Amino acid sequence: MLIAGNWKMNKTATEGVSVIKNILSSVQQITSVDIAICPPFTSLASGSALISQENVWLGAQNMHHEPLGAYTGEISASMLKDLSVSCVILGHSERRSYFGETDEFINKKVLSALQNHLIPILCVGETLEEREQNRTMEVISRQVRKGVAGIPEQAIDQLVLAYEPVWAIGTGRTATPEMAQEVHAYIRKLLSEIFSQQKAEKVRILYGGSMKPDNAASLLAQPDVDGGLIGGASLDAASFVNIIKSAL
Ligand code: PGA
């Protein structure tokens, strides 16, 4: 299991320190769940100084695919690696919709992350309109196929997928466990077609979208749900830790 917290554009570096400390003090005994804390870039340096537990990863929320250069405002994989970052959220629906990120652009970032030994958490998910038009699987298929294009066989173990239905993000409206399982199983089937069944079994597929302490256990109990990507409920150390505990 992997439980990842996506803070989005919340918390100053000063505020972040106390949240990270509170999380760390509550998870010292937990070794069977991997935990990722993905604060804004401005909290990565202090996060990296605080985290030493092997199963607690520091994560970023985005990166650029080029190694360096004239890309004002951007951050590269090597800059993240230098701060002991282990994973990076890519293709989040907010990046797709507010910042115009395309499947092709996201794919470049996924490949660059893997080349730099960063674990990409590739997000996919349909909008409400697409679900109502029965286009969920078509959208997921396109986003997954284009997102993972060109990944070498030996790097697949490092890939994490996150199914985040756009209509469930930050809305308090969660997919039912059955809905999540249906799409997760479909994503695994796609991965087994693109790579192999054996490789597909190894990819962790997280659910994200209004996951909270009171609904996490039933979602995480689904056979193809291998963890969660948590936004709002990860901003409070106690609720994030409660979700981690429901993955035990
Ligand atoms: P949410 O966000 O938990 O606040 O719905 C999840 C996400 O966007 O990763």
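Our structure's up above, just so we're on the same page.
Presented here is an overview of the structure given in this document.

What counts, and at which threshold
- Residues numbered from 1 in each chain as written.
- Predicted model: local features only at pLDDT ≥ 70, side-chain atom pairs only at ≥ 80, totals over all residues.
- Heavy atoms only, no water.
- Axes fitted to C-alpha atoms, helices over the stretch in contact; angles between N-to-C directions.
- Helix = DSSP H or I, 4+ residues; strand = E, 2+ residues; numbered from the N terminus.
- Left-handed = near helix turned anticlockwise from the far one by under 90°.
- Contact = heavy atoms within 4.5 Å.
- Nonpolar A, V, L, I, M, F, W, Y, C, P; charged D, E, K, R; others polar.
- 1 Å grid on protein atoms, 1.4 Å probe; cavity = no way out; pocket = protein on both sides within 12 Å on 5 of 7 lines; lining within 4 Å.
- Points joined across faces, edges and corners; volume = space filled by probe spheres on them.
- Core = buried A, V, L, I, M, F, W, Y, C linked by side-chain atoms within 4.5 Å.
- Buried < 20%, exposed > 50% of the residue type's maximum accessible area, 1.4 Å probe, protein only.

## Notes on the packing of helix 1 (residues 13–26) against helix 11 (residues 237–245)
Next up, step 1: Closest axis-to-axis distance for the helix 1/helix 11 pair is 9 Å, and the angle between their directions is 35°. Seen along the crossing, helix 1 lies across helix 11 with a hand that is right-handed. Contacts between helix 1 and helix 11 pair Val 19, Asn 22, Ile 23 and Ser 26 from the former with Ala 237, Phe 240, Val 241 and Lys 245 from the latter.
Next up, step 2: The residue inventory of the contact of helix 1 with helix 11, partitioned by class, reads five nonpolar, two polar and one charged.

## Observations concerning the layout of surface pockets
Next up, step 1: Put simply, the largest pocket is a space of about 520 Å³.
Next up, step 2: Lining of the largest pocket is provided by 19 residues; of these, Lys 8, Met 9, Gln 61, Arg 95 and Phe 99 occupy positions nearest its centre.
Next up, step 3: No other element matches the three residues that helix 4 (residues 93–98) contributes to the lining of the largest pocket.
Next up, step 4: The class makeup of the residues in the lining of the largest pocket is nine nonpolar, six polar and four charged.
Next up, step 5: Along the wall of the second largest pocket there are 17 residues; nearest its centre are Ser 93, Arg 96, Ser 97, Gly 125 and Gln 143.
Next up, step 6: Listing elements by their share of the lining of the second largest pocket, those giving two or more residues are helix 4, strand 5 (119–124) and helix 7 (136–148).
Next up, step 7: Here the residues of the lining of the second largest pocket are counted per class, giving four nonpolar, seven polar and six charged.

## Observations concerning the nonpolar core
Next up, step 1: Ranked by internal contacts, the top residues of the largest apolar core, which has 65 residues, are Ile 3, Ile 37, Ile 140, Ile 151, Leu 161, Ile 187 and Tyr 207.
Next up, step 2: The greatest single-element share of this core, amounting to six residues, is contributed by helix 8 (residues 177–194).
Next up, step 3: In contact with Ile 140, not counting residues within four places along its chain, are Val 124, Gly 125, Glu 126, Tyr 163, Val 183, Tyr 186, Ile 187 and Leu 190.
Next up, step 4: Counting residues in each nonpolar core, the second largest holds 14 residues, with Leu 2, Trp 57, Ile 119 and Leu 229 among its members.

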